[in-house]
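Coordinates in review
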Amino acid sequence: MNVIETDLPGVLLIEPDVFEDARGYFMETFNSRRFESAGIPARFVQDNHSRSAYGVLRGLHYQEPRPQGKLVRTVRGEIFDVAVDIRRGSPTFLRWTAAELSDRNRRMLWVPPGFAHGFCVTSDEADVIYKCTELWHGPDDRVIRWDDPAIGIDWPITDPVLSEKDATATLIADAEVLPEWNG
């Protein structure tokens, strides 16, 4: 696999080796030894699958005080996937990076604990699967506004379809709890 560093330290874009022939293709989506050698923990405790229509935007989600790292991939369709450094004291605090993840490019994005995550669907429909390093815990579930001007994400859509939770999210300046950077 090819591991590509993004402009945010710790956030990695992964291009798996794909073996194609007339029958179709085969690829390894997770291998603990390879992922650990790339700096991605091999301990995942929960898998999630989300299906969304064009224009749906989910995020910006994070969990604190039990943060989740997420290994995200799209198995059908295309998304604009975003990671935001929300760790207080981090030299890259409030910076974001994004990647197009699709069933065609087969890329994955590693979003480490301490980062907020969100995505919007840019195809007719998309199935997104992600592995988490911590179990979802309702009281720790947090959300920041997708269009927070302090972050300034350049989303490829202007009028997203949002859940009530995402539509009523707070600005990061008003967030009750944010993770701390541990240098």
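Above this text you will find the structure in question.
Residues numbered from 1 in each chain as written. Predicted model: local features only at pLDDT ≥ 70, side-chain atom pairs only at ≥ 80, totals over all residues. Heavy atoms only, no water.

1. Description of the layout of surface pockets
Estimated volume of the largest pocket: approximately 330 Å³. Surrounding the largest pocket, 22 residues form its lining, Arg58, His61, Lys70, Tyr130 and Lys165 being those nearest its centre. Breaking the lining of the largest pocket down by element, the ones donating at least two residues are strand S5 (46-53), strand S6 (57-63), strand S11 (115-121) and helix H2 (164-167). Grouping the constituent residues of the lining of the largest pocket by class yields eight nonpolar, nine polar and five charged. When its volume is computed, the second largest pocket comes out at roughly 170 Å³. Tyr62, Asp141, Arg142, Val143, Lys165, Thr168, Ala169, Thr170, Asp174, Ala175, Glu176 and Val177 are the residues that line the second largest pocket. (1 Å grid on protein atoms, 1.4 Å probe; cavity = no way out; pocket = protein on both sides within 12 Å on 5 of 7 lines; lining within 4 Å. Points joined across faces, edges and corners; volume = space filled by probe spheres on them. Helix = DSSP H or I, 4+ residues; strand = E, 2+ residues; numbered from the N terminus. Nonpolar A, V, L, I, M, F, W, Y, C, P; charged D, E, K, R; others polar.)

2. Describing empty space enclosed by the protein
Going through the model one piece at a time under the given rule, you end up with one cavity of 30 Å³ or more. Estimated volume of the largest cavity: approximately 50 Å³. Looking at the largest cavity, the residues that line it are His61, Tyr62, Gln63, Pro67, Gln68, Lys70, Gly114 and Phe115.

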